[in-house]
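One letter stands for each residue in the lines below.
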Amino acid sequence: MVRLLFKLAQVPDDEAQEIRTLLDEHQIHYYETDAGFFRVGLDAIWLADSTQDERARELIREYQAERAVRQQQNYAQLVEAGQVPSVWQHFCTQPLRFIAAALAIIFVAGLTLLPFVMLVRNA
């Protein structure tokens, strides 16, 4: 029986490729599906043989734990080297986009809180 193993939506290409390589190295038979032109389907890796499900999931859990540690170390190195942009640097590179996003956040927060403000005023 076919089983869904790993959804590929919003997964970086390098991570997806490393997952494929990991499954190939451990001789786990899988296939991939694509969401299609209209993005109605599901980007995913599926197991062709459900008897390998437990083993494949354990391999992916171990891989993701190792990847998380690697990514945290890379981020720490970037912060230490001063290569992570600050809020001010983001503002300086795209001030209009930054201001538009801030105004959108304020607008949505205002709309969300408006019923409660009106309720307190009428009480």
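Preceding block: the structure.
Bear in mind that the values here come from a model prediction, so they are computed numbers and not experimental data. (Residues numbered from 1 in each chain as written. Predicted model: local features only at pLDDT ≥ 70, side-chain atom pairs only at ≥ 80, totals over all residues. Heavy atoms only, no water.)

Here we take up the pattern of salt bridges. Considering all chains together, one arrives at ten salt bridges under this definition. The closest approach of N and O atoms between Arg67 and Asp14, which form a salt bridge, is 3.3 Å. Of the two residues, Arg67 sits in helix 2 (residues 53-81) while Asp14 sits in helix 1 (residues 13-25), which places them 53 residues apart along the sequence. On the accessibility criterion, Asp14 (40% relative accessible area) is partly exposed. When salt bridges with common partners are traced through the structure, they connect Asp14, Glu15, Glu18, Arg67 and Arg70 into a single cluster. (Salt bridge = Lys/Arg side-chain N within 4 Å of Asp/Glu carboxyl O. Helix = DSSP H or I, 4+ residues; strand = E, 2+ residues; numbered from the N terminus. Buried < 20%, exposed > 50% of the residue type's maximum accessible area, 1.4 Å probe, protein only.)

This part takes up the sheet that holds strand 2 (residues 30-33). Judged by pairing direction, the sheet is antiparallel, and its three strands sit side by side in the order 1-3-2 without closing on themselves. The strands lining the two open edges of the sheet, one partner per strand, are strand 1 (3-7) and strand 2. Strand-to-strand twist in this sheet, taken as the mean axis angle between neighbours without regard to direction, amounts to 30°. Sheet topology places strand 2 next to strand 3 (residues 44-47); four bridges connect them, and they run antiparallel. (Pairing = 2+ DSSP bridges. Axes fitted to C-alpha atoms, helices over the stretch in contact; angles between N-to-C directions.)

On to the environment of Leu78. Mapping Leu78 onto the fold places it in helix 2. On the accessibility criterion, Leu78 (36% relative accessible area) is partly exposed. Taking the C-alpha atoms as reference points, Leu78 and Ala9, separated by 69 residues in sequence, lie 26 Å from one another. Residues within four places of Leu78 in sequence aside, it is in contact with Gln83 and Val84. (Contact = heavy atoms within 4.5 Å.)

Purely geometric stuff here, so don't read any function into it on its own.
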